[in-house]
Amino acid sequence: MINFIPYRFIFSGCVLLSAGLLASQTHASFDSACQPDWSVELHSYNRCSNLPILSPANDNQINMQLLLADKLLAKIEAPKPQAMQWFDSYGSVPFEASEFKYSLSNLTPSGRAKTSESKEQSDRYIAEERCRTNASGTQIFLQQIAKDSGLNTAEKKLLAEKRLSIDPSCDKALAFIKVANEWSPLVRQYMAYLNGSIAFYNGDYATAQRIYKALNSVKSPWLAETAAYMQVRTAVNEAYTSGLDEYGFQYLDNIDKNAIAAAFNAVTYYFKNYPQGQYVASTRGVLRRIYWMGGQQRKLIDEFNWQFNNASSPQFNLEMPLVAEEINQRIFESRLFEVANFKDPFFVATYDLMHMRVSSSKKYTPLSWQTLQAQKNIFKTEPELYRYLQAMHLLVQQNKPQQALEYLPKGNPPARLNYLQLSQFILKSHILQSTNSDEAQSLLEVLLASAKQAYQRPMVELMLALNLQNTQDYAAFFQANGLITSPALRLVIIKRAANADLLNSIIKSSSTSASEKKFASFVLLHKTLNHQDYDQFIEALKFLPTDSANFKSYDSANEAYSNQPEFNLFNWKGHKISEQLTCPSIVNIAKTLSTEPEDQMAQLCFGEFVRLTNFRNSEYIIENEATIDNLKASASSTVTSFNHTLANHASPFSKPTFSRGEVYKNIIRNSNNADLKAYALYRAINCYAPGGLNDCAGIEVDKSVRKEWFDQLKQNYPNTEWANKLPYYW
């Protein structure tokens with residue numbers, strides 16, 4: 001228990017916190033549309049690919065959450081095992097920053113959970129909270145009157161009806177309850193409390209305060225204490241609204257200083273009169289809001305540290321899923337941010353990791369080795385965390401991997417790892433992978449047995465996957481009783497790294513799942529066709545499911561097929577272009593090209609298949625970018641040294657991907673068939689509609705060439721429907 005002593009509030013500068021306040025690259029910033037990067041990148045911030053290790057590349061909230069777990073404040077739950085679906089991007093690791101908090105819960109329950117504020121209610125909300133607490137307030141009120149022996153049954157019913165009739169809305173004022181003289185004094189006091197709540201919900205804080213203060217001296221212990229607590233909530237809401245402008249943006253500098261002082265006085269009054277009260281946790285939580293509104297950054301940080309160190313106190317009020325977000329918003333993103341305010345390992349380590357990143361921001365200052373060395377005393381209670389930060393700095397800022405190893409543990413890992421220990425051994429294996437792949441493999445295999453906490457085994461498996469890639473041993477991913485059990489990692493290999501032989505092996509193996517066989521079948525069919533290996537495609541047709549017509553992706557009639565590969569592509573029956581030009585099925589097109597690869601009509605029809613189906617959509621899922629653009633990866637992108645991104649290399653299929661743009665060019669140059677040539681000209685020009693960007697793959701041509709095609713179509717084939725359909729070029 002602490003004693004609250006009034007103090008002077010110190011204000012400095014205008015602090016703007018609104019939708020317009022953007023975090024720099026060193027801070028967290030959650031947007032939409034994420035895709036994972038299957039790597040152990042440690043240098044550059046990536047909100048979409050966070051790891052369960054302390055890393056500069058993580059969002060700072062993730063690093064804080066891992067530190068909270070190691071403080072035995074937060075429990076991290078492993079995600080429920082789920083079979084990977086075709087369009088799934090994420091497995092367990094890496095993960096998106098904004099999603100990880102849903103894995104967290106409190107190891108020690110927050111005292112706030114026992115009060116009128118629900119678990120979801122948090123001081124992270126900087127807006128008025130008056131419209132969000134009616135349900136929990138109603139529940140507590142009904143529980144109280146039910147057990148109040150001073151009320152008879154009729155009075156309890158009346159009070160319940162009145163409370164249930166209160167349905168607040170932020171934009172509509174509620175009517176006050178008219179107090180009847182025939183009611184007993186206790187009923188009138190309860191009704192007065194309800195009128196105070198109505199005033200609170202209406203945003204009429206002055207009236208609410210008068211009513212609540214009048215209840216301070218009533219004989220009912222619950223009414224007196226709850227009214228005192230509501231004075232705290234009313235005061236802090238009144239202070240907050242005093243800083244809102246006409247558009248609802250919060251300018252902390254505009255907050256009424258007297259209102260902040262009044263809120264602090266309300267907190268002081270409550271703790272003086274109810275030091276063991278039922279609202280001590282929530283009332284203490286209000287302090288953080290007061291410190292934030294008053295620009296008291298040092299006191300805000302101290303309050304967080306008090307909470308971290310006093311989880312057994314009745315005043316402990318942190319909700320672990322929300323702590324990192326609150327710290328990020330109110331401290332790291334504050335315009336009053338000063339690193340000198342940090343005097344403890346938790347905040348300093350979070351800051352240090354953020355400032356070991358590679359960043360192009362002009363406001364960014366990388367952490368120097370001298371600054372890190374000067375922090376030794378701060379970390380005297382956590383020397384292993386300090387040594388880890390030193391090792392990380394040596395690697396990512398100084399590029400001295402061998403020196404970094406000297407700061408990491410020797411020998412094998414303990415039987416059970418916390419997240420700092422996992423971080424140490426992952427960093428060690430990361431360094432070893434670039435110099436001694438066998439030693440890295442041995443360490444990771446031992447590490448698997450110790451990786452028992454949530455997200456730890458998937459992290460080790462990602463490292464193992466990258467090490468196997470370094471040796472080009474993709475078959476090891478699918479061995480019976482193999483080390484890689486993550487469905488997500490195996491799916492990445494199926495989609496992007498497996499060659500035809502491995503895909504065939506996966507389909508026929510007794511140790512792969514039905515989903516993996518299905519996915520491998522689709523990839524084999526798609527890639528052999530896309531890479532113009534027509535013989536293999538025809539051979540792979542035996543793996544086409546008997547119900548392939550049902551596999552229409554998002555257009556499937558049965559939802560069970562919607563998140564599956566679009567096998568129906570390969571049932572394409574052909575297309576009539578004109579009276580002169582008709583295309584057969586894709587199977588027959590492939591059979592023709594298998595024996596006559598230069599057949600221009602077959603090539604054109606392959607282009608029609610690509611144009612009229614979702615073939616390219618699947619290509620974006622299973623091909624690397626360089627492959628899609630028919631560009632071979634350079635020698636530097638092949639695995640000559642350790643490759644830190646899984647399946648990020650040249651395609652395992654040697655032939656180039658099909659490009660209808662190149663087919664059109666070939667027909668334009670070489671065909672003697674007027675109908676074929678006119679249509680090829682029409683289609684080649686349309687490749688750049690409507691914005692001038694090439695949608696047909698192959699090598700882009702200048703606008704002048706497109707004009708030549710247009711002129712050629714209009715002059716040489718003026719009476720064709722294609723010339724008549726095309727009013728301009730792009």
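All of these numbers come straight from a predicted model, not from anything done at the bench.

Draft legend 1. Molecular detail of the state of the cysteines. In this structure the tally under the stated criterion is three disulfides. Two residues share a disulfide in this structure: C34 and C48, whose sulfurs sit 2.1 Å from each other. Handedness here is read from the sign of the S-S torsion; for C34 and C48, about -80°, the answer is left-handed. Taken together, the residues span a long stretch of sequence, with C34 in the loop between β1 (16–17) and α1 (60–70) and C48 in the loop between β1 and α1 at a distance of 14 residues. For the pair shown, C34 and C48 are each scored as buried.

Draft legend 2. Broad picture of the nonpolar core. Counting 223 residues, the largest nonpolar core has F308, I327, F347, M459, L529 and F606 as its most contacted members. In terms of residues, this core owes the most to one element, helix α7 (residues 221–241), which gives 12 residues. In this view, F308 contacts L68, K71, L73, L318, V323, I327, F346 and F347; residues no more than four positions away in its chain are not counted.

Draft legend 3. Focus on the packing of aromatic side chains. For the structure shown, the criterion picks out 47 aromatic pairs. Here the aromatic rings of F337 and Y351 are separated by 6.0 Å at their centres, their planes lie at 25°, and the arrangement is stacked. Of this pair, F337 sits in the loop between α11 (320–332) and α12 (345–354) while Y351 sits in helix α12, and the two are 14 residues apart along the sequence. On the accessibility criterion, Y351 (15% relative accessible area) is buried. An aromatic cluster of at least three residues, connected via ring pairs, comprises W86, F519, F522, F537, F551, Y561, F567 and F570. The ring of W292 has R330 lying over it, and the distance from NZ or CZ to the ring centre is 4.6 Å.

Draft legend 4. Summary view of the pattern of salt bridges. Inspection of the entire model under this criterion finds 15 salt bridges. Across the pair E579 and K576 runs a salt bridge, and its minimum N-O distance is 3.1 Å. We classify E579 as exposed; its relative accessible area is 65%. A relative accessible area of 48% means that K576 is categorised as partly exposed. When the shortest N-O distance is used, the salt bridge between K707 and D711 registers 2.9 Å.

Draft legend 5. Summary view of helix α17 (residues 437–450). Over its 14 residues, α17 extends 20 Å from the first C-alpha to the last, a length consistent with the 20 Å expected when each residue adds 1.5 Å. Listing the buried residues of α17 in full gives S437, A440, Q441, L443, L444, L447, L448 and S450. Relative to the axis of α17, the buried residues are bounded by an arc of 165° and lie together on one face. Away from the buried face of α17 by more than 90 degrees, exposed residues D438 and A449 are located. Elements in contact with the buried residues of α17: α16 (419–433) and α18 (456–470).

Draft legend 6. Structural detail: the side chain of Q144. Tracing the backbone through its elements, the reader meets Q144 in helix α3 (residues 134–147). The class for Q144 is buried, based on a relative accessible area of 10%. Once you skip the residues sitting within four places of it in the chain, Q144 turns out to touch Y190 and W222.

Draft legend 7. Inspection of the side chain of N50 at higher detail. With respect to the helices, strands and loops of the structure, N50 is situated in the loop between β1 and α1. If sequence neighbours within four positions are ignored, N50 has contacts with N58, D59, I62, P94, F95, E96 and A97.

Draft legend 8. Spatial organisation of the packing of helix α27 (residues 660–670) against helix α28 (residues 674–686). At a closest axis distance of 9 Å, the pairing of α27 and α28 adopts a crossing angle of 140°. Considering their axes alone, α27 and α28 lie oblique with respect to each other. Our pair here, α27 against α28, has a crossing hand that is left-handed. For the pair α27 and α28, contact is made by R660, Y664, I667 and I668 and by L676, K677, A680, L681, R683 and A684, respectively.

Draft legend 9. Focus on the layout of surface pockets. Counted as a void, the largest pocket has a volume near 840 Å³. Listing elements by their share of the lining of the largest pocket, those giving two or more residues are α2 (97–100), α18 and α19 (487–496). Its residues assigned to classes, the lining of the largest pocket shows 16 nonpolar, seven polar and seven charged. Within this model, the second largest pocket holds a volume of roughly 640 Å³. The wall of the second largest pocket is formed by 24 residues, among which Q35, P36, W38, R496 and I621 lie closest to the centre. Looking at the lining of the second largest pocket, its residues break down into 13 nonpolar, five polar and six charged.

Draft legend 10. Region of interest: the confidence of the model for the protein chain. On average, residues of the protein chain carry a pLDDT of 90, and 91% of them reach 70 or more. Note that residues 114–126 has pLDDT below 50 and, in this model, 47 contacts with residues that lie over four places away or in other chains. Under a pLDDT of 50 for its full length, residues 630–642 has, in the predicted model, 22 contacts with residues more than four places off or in other chains.

Draft legend 11. View of the environment of S548. Relative to the helices and strands, S548 is located in the loop between α22 (534–540) and β5 (575–576). S548 gets classed as buried once you look at its relative accessible area, which sits at 6%.

Cut-offs used in this document
- Residues numbered from 1 in each chain as written.
- Predicted model: local features only at pLDDT ≥ 70, side-chain atom pairs only at ≥ 80, totals over all residues.
- Heavy atoms only, no water.
- Disulfide = S-S within 2.5 Å.
- Helix = DSSP H or I, 4+ residues; strand = E, 2+ residues; numbered from the N terminus.
- Buried < 20%, exposed > 50% of the residue type's maximum accessible area, 1.4 Å probe, protein only.
- Core = buried A, V, L, I, M, F, W, Y, C linked by side-chain atoms within 4.5 Å.
- Contact = heavy atoms within 4.5 Å.
- Phe/Tyr/Trp six-rings, centres within 6.5 Å; stacked < 30°, edge-to-face > 60°.
- Lys NZ or Arg CZ within 6 Å of the ring centre and 35° of its normal.
- Salt bridge = Lys/Arg side-chain N within 4 Å of Asp/Glu carboxyl O.
- Expected span 1.5 Å × (residues − 1).
- Arc of directions from axis to C-beta.
- Axes fitted to C-alpha atoms, helices over the stretch in contact; angles between N-to-C directions.
- Parallel < 35°, antiparallel > 145°, perpendicular 65-115°, else oblique.
- Left-handed = near helix turned anticlockwise from the far one by under 90°.
- 1 Å grid on protein atoms, 1.4 Å probe; cavity = no way out; pocket = protein on both sides within 12 Å on 5 of 7 lines; lining within 4 Å.
- Points joined across faces, edges and corners; volume = space filled by probe spheres on them.
- Nonpolar A, V, L, I, M, F, W, Y, C, P; charged D, E, K, R; others polar.
- pLDDT = per-residue confidence, 0-100.

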